[in-house]
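Residue-level listing of the chains:
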Amino acid sequence: MAQLLLLEQIADRALRRERLYRDHLDLFAESDEFLIGRFRLPRPVLLDLCNTLEPALRSRTRRSNPVPPHVQVLSALGFLATGTFQRELGDRVGISQPSISRSLQREVNGIVQLVPEYIRFPYSEMEQIPVKRAFYAIAGLPNTIGALDCTHVHIKAPSPDPFPYLNRKRYHSINVQIICDGQYHLLNVVSRFPGGAHDSYIFSNSAVGVHLEQGDAGDSWLVGKYLCEIDCSSNSRPLFF
């Protein structure tokens, strides 16, 4: 009798369960307001990103219903932009939570590899000319090649040493330095310093800060909320308040 029960269990395990497939939603059919609210990026940028990452994300599985690359990209961006639970996000886009979890790291790595192509600081004179013109057209600021500010990204208290990440507003964060041009294009992002680090310390220890201190951008200037003025020439030092 025990042998018969064992054989029945083996036979049950051998039976292939019927796979259930969800219909993948066409998120690009939604309005521009929906895309901005869910993914924090406009439609043209989302389309360009999906097309760029498609070769790396195209599934090599032999199954009949792989997750399309654009659905993978949008699910990752939706998770990063809103912090929504993966299961809830999967229900929205028509894929399972395990599918989102498995592909998330691959999509993030693909986006990170694109950073040098899209985020570059204008050190050369030719690169600086359109940036300076934009700032002068906006506010009459001469010789300006960037606007700088820092923002705190909330995180859970890290272990085992959470104190460096406690910022002045009394919550744990990463203090992210961002430099943009007059058209809101990112020129530099530094996201490796804890929330307790002062903005001036981050700038002084960033690659851009070191290069500007050495005069690698000529006599150009940065402006910022927490900066009185930063002279990029080699003859003076950044001034903070």
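In this section: the overall build of the protein chain. A tally of regular secondary structure across the protein chain gives ten helices and six strands. Evaluated residue by residue, the protein chain yields a buried proportion of 32% over its 241 residues. Excluding contacts between residues fewer than 6 apart, the proportion of contacts in the protein chain whose partners are at least 24 apart in sequence is 51%. Accessible surface computed for the protein chain: about 15,800 Å², of which carbon and sulfur atoms make up 56%.

Our focus in this paragraph is the confidence of the model for the protein chain. Taken over all residues, the pLDDT of the protein chain has a mean of 82, while the share at 70 or more is 80%. Mean pLDDT values for the elements of the protein chain range from 38 in strand S6 (residues 239-240) up to 96 in strand S2 (residues 173-180). Note that residues 227-231 has pLDDT below 50 and, in this model, 20 contacts with residues that lie over four places away or in other chains. Note on residues 233-241: pLDDT under 50 across the span, and 29 contacts to partners over four residues away in sequence or across chains.

Moving on, we get to the pairing of strand S3 (residues 186-194). Relative to S3, S2 runs antiparallel, the two being bridged by six bridges. Within the sheet, the bridge partner assigned to Cys-180 lies in S3 and is Leu-186. Counting the residues in the hairpin turn of S2 and S3 gives five residues, including Tyr-184, whose phi is positive at 65°.

What follows is about the side chain of Ser-103. By the element assignment, Ser-103 lies in helix H6 (residues 97-113). A distance of 3.0 Å separates the side chain of Ser-103 from the backbone oxygen of Ser-99, its partner in a polar contact. For Ser-103, the side chain forms a polar contact with the side chain of Glu-107, separated by 2.8 Å.

Scanning the model with the defined rule gives one salt bridge in all. With a shortest N-O distance of 2.9 Å, Asp-32 and Arg-43 are connected by a salt bridge. Highlighted residues: Asp-32 in helix H2 (residues 32-39) and Arg-43 in helix H3 (residues 43-57), separated in sequence by eleven residues. Take Asp-32: its relative accessible area is 43%, and that puts it in the partly exposed class. Given the relative accessible area of 23%, Arg-43 is considered partly exposed.

With that settled, consider the packing of helix H4 (residues 69-82) against H6. At a closest axis distance of 9 Å, the pairing of H4 and H6 adopts a crossing angle of 90°. Regarding the angle of H4 to H6, the classification is roughly perpendicular. Of the residues in H6, those in contact with Gln-72, Val-73, Ser-75, Ala-76, Leu-77, Phe-79 and Leu-80 of H4 are Ile-100, Ser-103, Leu-104, Arg-106, Glu-107, Val-108 and Ile-111. Of the residues that constitute the contact of H4 with H6, the class distribution is nine nonpolar, three polar and two charged.

Our focus in this paragraph is unusual backbone geometry. Here Ser-159 and Pro-160 are connected by a cis peptide whose omega angle stands at 5°. Relative to the helices and strands, Pro-160 resides in the loop between strand S1 (144-154) and S2. A positive phi is found at Arg-40, a non-glycine position, where the angle reads about 65°. Among the structural elements, Arg-40 can be located in the loop between H2 and H3. By relative accessible area, Arg-40 is classed as partly exposed at 47%. Unlike most non-glycine residues, Asn-143 shows phi in positive territory, near 60°. Among the secondary structure elements, Asn-143 is positioned in the loop between helix H8 (125-139) and S1.

This part takes up H4. Between its terminal C-alpha atoms H4 stretches 20 Å, which fits the 20 Å expected from 14 residues at 1.5 Å a residue. On its buried face, H4 is in contact with H2, H3, helix H5 (86-93) and H6. After H4 finishes, the residue Gly-83 shows a positive phi value of roughly 70°.

What counts and what doesn't
- Residues numbered from 1 in each chain as written.
- Predicted model: local features only at pLDDT ≥ 70, side-chain atom pairs only at ≥ 80, totals over all residues.
- Heavy atoms only, no water.
- Helix = DSSP H or I, 4+ residues; strand = E, 2+ residues; numbered from the N terminus.
- Buried < 20%, exposed > 50% of the residue type's maximum accessible area, 1.4 Å probe, protein only.
- Contact = heavy atoms within 4.5 Å.
- Areas by Shrake-Rupley, 256 points an atom, 1.4 Å probe, with all protein chains shown as cover.
- pLDDT = per-residue confidence, 0-100.
- Pairing = 2+ DSSP bridges.
- Polar contact = N/O pair within 3.5 Å; in protein donor to acceptor, adjacent residues only side chain to side chain.
- Salt bridge = Lys/Arg side-chain N within 4 Å of Asp/Glu carboxyl O.
- Axes fitted to C-alpha atoms, helices over the stretch in contact; angles between N-to-C directions.
- Parallel < 35°, antiparallel > 145°, perpendicular 65-115°, else oblique.
- Nonpolar A, V, L, I, M, F, W, Y, C, P; charged D, E, K, R; others polar.
- Expected span 1.5 Å × (residues − 1).

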